[in-house]
Amino acid sequence: MPEIHALPNIARNPGVPLQLDWFDQIAVNTPAAERRAATLTTRRTVKKEWQAAWLVNAVRCMDLTTLAGDDTPERVRRLCAKARSPLADHILDGLGLAGLTTGAVCVYPTLVSTAVKALDGTGVPVASVATGFPAGLMPLNLRLAEILYAVDHGADEIDIVITRAHVLDGNWSALYDEVAEMREACGAAHLKAILATGDLKTLRNVYKASMVAMQAGADFIKTSTGKEGVNATLPVSLVMARALRDYGARTGQKIGFKPAGGMKTAKDAIAWQILMKEELGDDWLKPDLFRLGASSMLADIERQLEHHLTGRYAASSRHAIA
Ligand SMILES: O=C[C@H](O)COP(=O)(O)O
């Protein structure tokens, strides 16, 4: 059962020089990854009485997100109010969760200062997307300037997007250099590298892009922007978890993982946590190393916790992860 954890304390990834031989021999067996991901939630069941704790942990690890074209300061203030107090008062009281917050909020750069102000004194980090989110098809100097803008306005974390063409062309040094420059521009802010895996064509490319982003100093690797045709999936996440494990074995560094995009249910929240526990261990159940990037998952988690409190939980979600 996941414990209740303190707010994030992310160690910086110092990175390493580009090492192409770290994935020369890599073989990703796509059908095997898909099979393993498909059986994830049936191999390991979460005891009913522990489901509430897993869901609370998902809240603690959530990057509560709004990344819509019609975002306004008022919407971001409401999002921040939800991040400060993510569940209804009677649920927080009933489950003894005073002080529970989400892992972070995630917004566009022009809304960072609104979020920083709204979260003042809470310790909840503000993440900003940058570098031409979501497609990244802008000159590098402008993409770096966007990072500087977000950092200047108080962003604690920067979710960058990579140039997908570098991956599709196998131009690993270009990908490495781009991420390394972005990392430099982040200064003290943490860098999450969004790989946009739905655009990368193969799981082999996903593994390689993960490894190069980590070598270039990414503190987290993140699946998706939420805007690709296919966003976070379990097979992709499994491959990224294996890359995280391999990078850790070679460098001793623990790098974070953020699945994002298209995850909407409490069942998703539990499935991804099981993946983390099985593939990487309990350290990846803390906000330091694990975030769920989601704009619309919290409502279902809140509903399930409400059921748990009122005793209807057992009846309605006994098979939630079967
Ligand atoms: O980074 C987070 C994603 O953009 C959220 O995607 P979503 O709106 O599908 O939950």
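Our subject is the structure that appears above.
Calculation criteria
- Residues numbered from 1 in each chain as written.
- Predicted model: local features only at pLDDT ≥ 70, side-chain atom pairs only at ≥ 80, totals over all residues.
- Helix = DSSP H or I, 4+ residues; strand = E, 2+ residues; numbered from the N terminus.
- Rg over C-alpha atoms; globule rule 2.2 N^0.38 Å.
- Contact = placed C-beta atoms within 7 Å.
- Core = buried A, V, L, I, M, F, W, Y, C linked by C-beta atoms within 7 Å.
- Buried ≥ 20, exposed ≤ 12 C-beta atoms within 10 Å, placed from the backbone.
- Pairing = 2+ DSSP bridges.
- Right-handed = clockwise from strand over helix to strand, strands pointing away.
- Axes fitted to C-alpha atoms, helices over the stretch in contact; angles between N-to-C directions.
- Parallel < 35°, antiparallel > 145°, perpendicular 65-115°, else oblique.
- Left-handed = near helix turned anticlockwise from the far one by under 90°.
- Nonpolar A, V, L, I, M, F, W, Y, C, P; charged D, E, K, R; others polar.

A.B. asks: Just to check I follow, could you spell out the overall build of the protein chain for this structure?
C.D. replies: Per the secondary structure count, the protein chain includes 14 helices and eight strands. Taking 2.2 N^0.38 as the reference for a compact globule, 322 residues should give roughly 20 Å; the C-alpha atoms of the protein chain span a radius of gyration of 19 Å, in line with that estimate. Projected onto its principal axes, the C-alpha positions of the protein chain cover 55 × 45 × 35 Å. Taking all contacts inside the protein chain whose residues are at least 6 apart in sequence as the whole, residues at least 24 apart take part in 78%.

A.B. asks: Please explain the nonpolar core as it appears in this structure.
C.D. replies: General note: in soluble globular proteins, nonpolar side chains tend to be found buried as a group. Grouped together as the largest cluster of nonpolar side chains are 104 residues, with contacts concentrated most on V105 and A213. Looking at this core, the element that brings in the most residues is helix α11 (residues 234-251), giving nine residues. In contact with A213, other than residues within four places in its own chain, are I162, V179, A193, L195, A218 and I221.

A.B. asks: Got a minute to help me understand the pairing of strand β4 (residues 157-161) in this structure?
C.D. replies: Remember that side chains alternate between the two faces of the sheet whenever the strand is regular. Among the five residues that make up β4, five are buried, leaving the element largely enclosed by the rest of the structure. Judged by which residues are buried, β4 turns out to be covered on both faces: E157, D159 and V161 on one side and I158 and I160 on the other are all buried. Of the pairings in the sheet, the one linking strand β3 (residues 126-130) to β4 comprises four bridges and is parallel in character. Note that in β4 the partner of S128 across the bridge is I158. Following the chain from β3 across helix α7 (residues 140-152) to the adjacent parallel β4, one finds a crossover that is right-handed. Of the pairings in the sheet, the one linking β4 to strand β5 (residues 190-194) comprises five bridges and is parallel in character.

A.B. asks: So what exactly am I meant to see when it comes to the sheet that holds strand β1 (residues 62-65) here?
C.D. replies: Each strand in a sheet pairs with its neighbour through backbone hydrogen bonds, running either in the same direction (parallel) or in the opposite one (antiparallel). Strands sit in the order β7-β6-β5-β4-β3-β2-β1-β8 across an open sheet of eight strands; the sheet is parallel. Edge positions in the open sheet fall to β7 (256-258) and β8 (292-294), since each of these has one partner strand only. Strand-to-strand twist in this sheet, taken as the mean axis angle between neighbours without regard to direction, amounts to 25 degrees. In this structure, β5 lies alongside strand β6 (residues 220-222), joined through three bridges in parallel fashion. By the bridge assignment, A193 is partnered in β6 with I221.

A.B. asks: I tried to follow the environment of C106 on my own but got confused; where do I start?
C.D. replies: Topologically, C106 is positioned in strand β2 (residues 104-107). Overall, C106 belongs to the buried group, with 31 C-beta atoms counted inside 10 Å. Between the C-alpha atom of C106 and that of V129, which follows or precedes it by 23 residues, the distance is 7.1 Å. Apart from the residues lying within four places of it in its own chain, the contact partners of C106 are D63, T65, L67, A127, V129, D159 and G293.

A.B. asks: Where do I start with the packing of α11 against helix α12 (residues 266-279) in this structure?
C.D. replies: Each pair of packed helices can be described by the angle between their axes along with the distance between the axes. Close contact between α11 and α12 brings their axes to 10 Å; oriented N to C, the two are set at 30 degrees. Looking at the two axes, α11 sits roughly parallel to α12. The crossing of α11 and α12 is right-handed. Listed contacts from α12 to L234, S237, L238, A241, R242 and R245 of α11 are A271, W272, L275 and E279. Residue classes in the contact of α11 with α12 are distributed as six nonpolar, one polar and three charged.

A.B. asks: What is the right way to read the pairing of β1 from this model?
C.D. replies: Burial along β1 is two-sided: M62 and L64 and D63 and T65, pointing in opposite directions, are all buried. Sheet analysis places β1 next to β8, joined by three bridges and oriented parallel. Bridge assignment links D63 to a residue of β8, and that residue is G293. Two strands pair when backbone bridges link them, and β1 and β2 are joined in this way by three bridges, in the parallel orientation. Across the sheet, L64 pairs through a bridge with V105, a residue of β2.

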